[in-house]
Amino acid sequence: MELIQETPDLSAYLAADEVIDHHHPLVRDTAARLAKDAEDSYVYARLAFEFVRDTIPHSQDSGDLRVTWRASDVLEQRTGICYAKAHALTALLRAEDIPTALCYQTFDVVHGLVAVRFNGAWHRQDPRGNKPGVNARFSLGEEQLAFLPDTAASESDHPVLYAAPPPSVLRALRAASDRPHLWKTLPTTL
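Note that the structure is a prediction, hence the values are computed from the model and not measured. (Residues numbered from 1 in each chain as written. Predicted model: local features only at pLDDT ≥ 70, side-chain atom pairs only at ≥ 80, totals over all residues. Heavy atoms only, no water.)

**Here we look at the overall build of the chain**
Here is step 1: Counting its regular elements, the chain contains seven helices and six strands.
Here is step 2: Walking the chain from its N terminus toward its C terminus, one meets helices and strands in the order β-α-α-α-α-α-β-β-β-β-β-α-α.
Here is step 3: For the chain, the spread of C-alpha atoms along the three principal axes comes to 40 × 35 × 35 Å.
Here is step 4: Across the 190 residues that make up the chain, the buried fraction comes to 51%.
Here is step 5: Across the chain, every contact between residues at least 6 apart in sequence was considered, and the portion connecting residues at least 24 apart equals 59%.
Here is step 6: Between the centroid of the 19 positive side chains of the chain and the centroid of its 26 negative side chains there is a distance of 5 Å. (Helix = DSSP H or I, 4+ residues; strand = E, 2+ residues; numbered from the N terminus. Buried < 20%, exposed > 50% of the residue type's maximum accessible area, 1.4 Å probe, protein only. Contact = heavy atoms within 4.5 Å. Lys, Arg positive; Asp, Glu negative; His and termini not counted. Charge placed at Lys NZ, Arg CZ, Asp CG, Glu CD.)

**Focus: helix α1 (residues 25–35)**
Here is step 1: The set of residues buried in α1 consists of Val27, Thr30, Ala31 and Leu34. Around the axis of α1, the buried residues are gathered within 100 degrees of arc, so they sit on the same side.
Here is step 2: If you follow the buried residues of α1, they end up packed against α2 (41–55), α4 (71–77) and α5 (82–95). (Arc of directions from axis to C-beta.)

**Description of α5**
An α-helical segment advances 3.6 residues per turn. Residues three or four places apart therefore align on the same side.
Here is step 1: With 14 residues, α5 should reach 20 Å at 1.5 Å per residue; the first-to-last C-alpha distance of 20 Å fits that figure.
Here is step 2: Across the 14 residues of α5, 14 count as buried, placing the element largely inside the fold. (Expected span 1.5 Å × (residues − 1).)

**Some words on the pattern of salt bridges**
Here is step 1: Counting across every chain of the model gives 10 salt bridges.
Here is step 2: Notably, a salt bridge pairs Arg66 with Asp64, separated by 2.7 Å at the nearest N-O pair.
Here is step 3: A cluster of three or more residues bridged by salt bridges with shared partners is formed by Glu18, Arg70, Asp73 and Arg174. (Salt bridge = Lys/Arg side-chain N within 4 Å of Asp/Glu carboxyl O.)

**Re the packing of aromatic side chains**
Here is step 1: This structure, assessed with the given rule, holds seven aromatic pairs.
Here is step 2: Aromatic pair Phe107 and Phe147: ring centres 5.7 Å apart, planes at 70 degrees, arrangement edge-to-face. Of this pair, Phe107 sits in the loop between β2 (100–106) and β3 (110–118) while Phe147 sits in the loop between β4 (121–125) and β5 (156–157), and the two are 40 residues apart along the sequence.
Here is step 3: For Phe147, a relative accessible area of 29% gives the class partly exposed.
Here is step 4: An aromatic cluster of at least three residues, connected via ring pairs, comprises Tyr42, Phe49, Phe118 and Phe138. (Phe/Tyr/Trp six-rings, centres within 6.5 Å; stacked < 30°, edge-to-face > 60°.)

**Focus on unusual backbone geometry**
Here is step 1: Positioned with a positive phi, Asp97 is a non-glycine residue whose angle comes to about 60 degrees.
Here is step 2: Along the chain, Asp97 falls in the loop between α5 and β2.
Here is step 3: Among the residues examined, Asp97 registers a relative accessible area of 63% and is labelled exposed.
Here is step 4: Backbone geometry places Asn119, a non-glycine residue, at a positive phi of 55 degrees.

**Topic: the environment of Pro167**
Here is step 1: Along the chain, the position of Pro167 falls in helix α6 (residues 167–175).
Here is step 2: In this structure Pro167 comes out as exposed when scored by relative accessible area, which is 54%.
Here is step 3: Separated by 20 residues in the primary sequence, Pro167 and Pro187 have C-alpha atoms spaced 10.0 Å apart.

**Some words on the nonpolar core**
Here is step 1: Counting 45 residues, the largest nonpolar core has Tyr44, Tyr83, Leu92 and Leu93 as the members making the most contacts within it.
Here is step 2: Looking at this core, the elements with two or more residues in it are α1, α2, α4, α5, β2, β3 and α6.
Here is step 3: Ranked by residues supplied to this core, first place goes to α5 with 10 residues.
Here is step 4: Contacts of Leu92, omitting those with residues within four sequence positions, involve Val27, Thr30, Ala31, Leu34, Tyr44, Ala48, Phe51, Val52 and Leu75.
Here is step 5: Listed in part, the 11 residues of the second largest apolar core include Tyr13, Leu113, Leu145 and Ala163. (Core = buried A, V, L, I, M, F, W, Y, C linked by side-chain atoms within 4.5 Å.)

In structure tokens form, the structure reads like this:
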């Protein structure tokens, strides 16, 4: 699948905003801590991916009822669904000047992941968190995502790379009083 930038301006994939708040002190401190163990940006990207994937539980897997959506809140509260974890990883990567996009797949609902830009190409990564049957890995070669869409079941990969979360994703996250409420309002399309 060819990935398509929503905007041709690569600087949009380095920008901070209310959601991808990579200028927040907690995001900056976390990025600095991870960067001190990385000899280059590739190693940093892998470390940031593994940090989000492995140390911030997916709230469905852990049973956490809280809903986070801002990157700094995900890092502070150590919980989030796929979208929130993608926001946190995006902020950590952009904090170290690695162009990062938000991207999505559709199953019963829309699933969030990220794409990082290295060597002139975008590479999708899924920081959702591993569990039995899910084994996502950081890779710039063959994708190792949490889930593969079944096109026969009308599941799909979305080729668009977003600089900021789509409105449907943010609306659902912001309006949810808790995760059970969120589960009833997750977007099924972008």
